[in-house]
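# Structure assessment
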Amino acid sequence: MGYTIINRDTWDRKEYFEHYLSSVPCTYSMTIKLDITNIKQKRLKLYPTMLYLLTTTVNKHEQFRMALNNQDELILYTDMEPCYTVFHKETETFSNIWTSYSKNYETFCHRYEEDMERYGGIKRFMAKPNVPENNFTVSMIPWTTFDAFNLNVSNFKYLSPIFTIGKYVDENGHIYLPLAVQVHHAVCDGFHVCSFINDLQSQINTI
């Protein structure tokens, strides 16, 4: 896990960062419908594929890799790891599992399958131990689709993105997947979210 420390005094976003972190603490979310027709046509497994694509895209965008460390320093992680939910039908609860990212799609999916086999049946909040600091969270709620989704996080020093995936729908021959993206305005503006979403859709189209 590598990172660099951002010098807030010389940072271009200093004024915006301080405003949205302290003066007017602000997070926001955007919900979009991703066209996942290509994924479904290729019969790829949806959840690990989306985890791979989300992580690939997160690691390309600095605004999605920022955090405050224990010394209250603003840091930029070199890369991020996905931490995601799995559902337990018996108890109607969920667990969190993380999988080490690889740029190679097949390698990542193999690691995902190994983690699911080893930790998927463990019914506790954090099923896989030793969650790395450089993680971001993904939740899957496949029981309904949605046009909007919002989380309320009271810790305004939590800068990492949060992703929520819903149930996909078939519309006029295309398959759309709702994705809610929650970010902190101190490090991420609307332009950056749109850039991320456009990049993610491009990754989906060409996988």
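What comes next is a walk through the structure.

Quick notes on the rules
- Residues numbered from 1 in each chain as written.
- Predicted model: local features only at pLDDT ≥ 70, side-chain atom pairs only at ≥ 80, totals over all residues.
- Heavy atoms only, no water.
- Helix = DSSP H or I, 4+ residues; strand = E, 2+ residues; numbered from the N terminus.
- Rg over C-alpha atoms; globule rule 2.2 N^0.38 Å.
- Buried < 20%, exposed > 50% of the residue type's maximum accessible area, 1.4 Å probe, protein only.
- Contact = heavy atoms within 4.5 Å.
- Areas by Shrake-Rupley, 256 points an atom, 1.4 Å probe, with all protein chains shown as cover.
- Lys, Arg positive; Asp, Glu negative; His and termini not counted.
- Charge placed at Lys NZ, Arg CZ, Asp CG, Glu CD.
- Pairing = 2+ DSSP bridges.
- Patch = residues over 30% accessible without salt bridge, like charges linked within 9 Å, V, L, I, M, F, W, Y side chains within 5 Å.
- Salt bridge = Lys/Arg side-chain N within 4 Å of Asp/Glu carboxyl O.
- Axes fitted to C-alpha atoms, helices over the stretch in contact; angles between N-to-C directions.
- Parallel < 35°, antiparallel > 145°, perpendicular 65-115°, else oblique.
- Left-handed = near helix turned anticlockwise from the far one by under 90°.
- Nonpolar A, V, L, I, M, F, W, Y, C, P; charged D, E, K, R; others polar.

## Some thoughts on the overall build of the protein chain
Along its length, the protein chain carries 5 helices and 10 strands. Since a compact globule built from 207 residues should have a radius of gyration of about 17 Å, the 17 Å found for the protein chain is in line with a globular shape. Each of the three principal axes of the protein chain carries a C-alpha extent, and together these read 50 × 40 × 35 Å. Across the 207 residues of the protein chain, 48% fall into the buried class. Sequence-distant contacts, at least 24 apart, represent 71% of the contacts inside the protein chain between residues at least 6 apart. Summed over all atoms, the accessible surface of the protein chain reaches about 10,900 Å², with 49% contributed by carbon and sulfur. In the protein chain, 19 positive and 23 negative side-chain charges are present, and the distance between their average locations comes to 6 Å.

## Here we look at the pairing of strand β10 (residues 174-184)
Among the 11 residues that make up β10, 9 are buried, leaving the element largely enclosed by the rest of the structure. The sheet contact formed by strand β2 (residues 27-35) and β10 spans 9 bridges and is antiparallel. Across the sheet, residue T27 finds its bridge partner in β10, namely H184. One ladder, built from 4 bridges, connects strand β8 (residues 162-165) with β10; its direction is antiparallel. Bridge pairing links I165 to L179 in β10.

## Looking at a nonpolar patch on the surface
On the surface, F87, F94, F125, M126, V131 and W143 cluster together to form a nonpolar patch covering roughly 600 Å² of accessible area. Tracing the chain through its elements places M126 in the loop between α4 (105-119) and β7 (135-140). Relative accessible area serves as the criterion here: at 36%, M126 is assigned to the partly exposed category.

## Here we look at the pairing of strand β5 (residues 81-88)
With 7 of its 8 residues buried, β5 lies for the most part within the structure. When β5 meets β7, the two strands line up parallel, connected through 4 bridges. Bridging from a neighbouring strand, P82 pairs with F136 of β7. Where β5 lies against strand β6 (residues 93-98), 6 bridges are found, and the strand directions are antiparallel. In the sheet register, F87 faces β6, and the bridge partner there is F94. In textbook terms, the turn of a hairpin is the stretch between consecutive antiparallel strands, and for β5 and β6 this stretch comprises 4 residues, one of which, E92, has a positive phi near 55 degrees.

## Notes on the packing of helix α3 (residues 46-58) against α4
Between α3 and α4, the shortest axis-to-axis distance is 10 Å and the interhelical angle comes to 125 degrees. With respect to α4, the axis of α3 lies oblique. Seen from above, α3 lies across α4 with right-handed handedness. Residues Y47, P48, T49, L51 and Y52 of α3 form the contact with α4, whose own contacting residues are Y105, F108, C109 and Y112. Residues belonging to the contact of α3 with α4 are distributed by class as follows: 8 nonpolar, 1 polar and no charged.

## Focus: the side chain of N96
Secondary-structure assignment places N96 in strand β6. Beyond its immediate stretch of four places on either side in the chain, N96 contacts C83, Y84, T85, R124, F125, M126, A127 and K128.

## Re the side chain of S160
Among the structural elements, S160 can be located in the loop between β7 and β8. Its relative accessible area of 10% is what places S160 among the buried residues.

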